[in-house]
Amino acid sequence: MTAYIGIDKGGTRHTLALADGAGTVMDRRQYAAARAAGAQAEIAQLRAALTELFAVAAARGLEVAGIGVSFGGPVDPASGEVLMSHHVAGWEHLPLARVLAEGFGVPAWLENDANVGALGEWRFGAGRGCQDLFYINVGTGIGGGVIANGRLVHGVMNLAGEIGHMTVQPGGPLCTCGRHGCLESLASGSAIERQYRERSGTARSGREILALAAAGDPVARETVSATADWLALGIGAAVSLFSPELVVVGGGLGEAGPVLFEPLRRRLPDYVIPQRREVRVVPAALGYDAGVRGAIALAMDHTAAP
Ligand SMILES: [Zn+2]
């Protein structure tokens, strides 16, 4: 029987899962990443966890057909290289897919975390059965992924779907990319924290601000409502461009509930081509597991390719 292994290599945590031929998770490992020790130490951690999961697969009579990897940073999916890590030294141009493939004797594939999140929600989550889907992940930053005609869209340099760096307010706040007024600089978790601090003079985490907004705190509500408006603008542009069947919102803000989704759905028709004003915008269904389940989907898609 065929099995797959998915790896979610995040900035602070690594999650690995062994799945059966249908993608159902049978066993998993999760631990804190050895980020201070550098890339080679993190690879040693991955190898140890993979060795355990390969042993579990063998004991159950399963043959691992491939390994999918979600990487929290820029990658080249065609070569299987990590381009760099924003958090950990030593990942520059590291051929991770080849290292894992040679170490374990099975093929391995690599994608960035936003694309993997899109794959996970498409195969196993809120977007099951769709052929066209737009995924936006709103956490500390903002990432996105496009599924069009039943395929993940990469674009040149694997930059398709990077909605976080779409300019929505010329001359707006400074963004992590060095420009001003990107969606990420106005509607990410970090932006919510900054705007709440400016409005109230108090520092709160994004999670706390969402809870305060849900409880009716006027400053928190105003902050979340402004965020919903910027997200409506960005998502509306994406819908007008790709005309997806469905928009899936993942990351911390995907779990915000009605306090975010009500104003977002109310404002969206102002920013989208009129024929698509009823487009569905739904929260992600897999939560934190979108990464590891998407990595499983990545391995499944490659091995099942005609
Ligand atoms: Zn930017």
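Per chain, residue numbering runs from 1 following the sequence as it is written. At least 70 in pLDDT is required for a residue's local features to be given in this predicted model, at least 80 for side-chain atom pairs to be given and counted, and no such filter applies to totals for whole chains, interfaces and linings, which use all residues. Processing note: side-chain calculations cover all non-hydrogen atoms of the structure and skip hydrogens and water entirely.

1. Brief notes about helix α1 (residues 39-59)
At step 1: Put simply, DSSP H or I for four residues or longer makes a helix, DSSP E for two residues or longer makes a strand, and each gets a number counted from the N terminus. Expected helix span is taken as 1.5 Å per residue step, with the number of steps being one fewer than the number of residues. With 21 residues, α1 should reach 30 Å at 1.5 Å per residue; the first-to-last C-alpha distance of 30 Å fits that figure.
At step 2: Only protein chains enter the accessibility calculation, which uses a 1.4 Å probe. A residue is then buried if its area is under 20% of the maximum for its type, exposed if over 50%, and partly exposed in between. If you check which residues of α1 are buried, you get Ala39, Glu42, Ile43, Leu46, Ala49, Leu50, Leu53, Phe54, Val56 and Ala57. One side of α1 holds all its buried residues, which, seen down the axis, span an arc of 150°. Away from the buried face of α1 by more than 90 degrees, exposed residues Gln40, Ala58 and Ala59 are located.
At step 3: The elements touched by buried residues of α1 are β1 (2-9), β2 (13-20), β3 (25-32), β4 (63-71) and α2 (96-104).
At step 4: Positive backbone phi, approximately 75°, marks Gly61, located one or two places after α1. Working note: the arc is built from the helix axis to C-beta atom directions. In this analysis, two residues are considered to be in contact whenever any of their non-hydrogen atoms come within 4.5 Å of each other.

2. Notes on the nonpolar core
Side chains of nonpolar character tend, in soluble globular proteins, to be buried together.
At step 1: Ile136, Leu231 and Ile235 are the most contacted members of the largest nonpolar core, which totals 35 residues.
At step 2: By residue number, the principal contributor to this core is helix α7 (residues 218-242), which donates 8 residues. Here, the term nonpolar core denotes a set of buried Ala, Val, Leu, Ile, Met, Phe, Trp, Tyr and Cys residues that are joined through side-chain atoms within 4.5 Å.

3. Considerations on the packing of aromatic side chains
At step 1: Under the pairing criterion, centres of Phe, Tyr and Trp rings, with the six-membered ring standing for Trp, must be within 6.5 Å; the plane angle then separates stacked pairs below 30 degrees from edge-to-face pairs above 60, leaving the rest tilted. Enumeration according to the criterion identifies 3 aromatic pairs in this entry.
At step 2: Relative to Phe104, the ring of Phe54 lies with its centre 5.0 Å away and its plane at 20°, an arrangement referred to as stacked. You can see Phe54 sitting in helix α1 and its partner Phe104 sitting in helix α2, a full 50 residues away along the chain.
At step 3: Phe54 sits in the buried class, given a relative accessible area of 19%.
At step 4: Ring centres of Phe71 and Trp91 lie 5.1 Å apart, and the angle between their planes is 65°; this geometry places the pair in the edge-to-face category. Of this pair, Phe71 sits in strand β4 while Trp91 sits in the loop between β6 (81-82) and α2, placing them 20 residues apart in sequence. The same class applies to Phe71 as to Trp91, namely buried.

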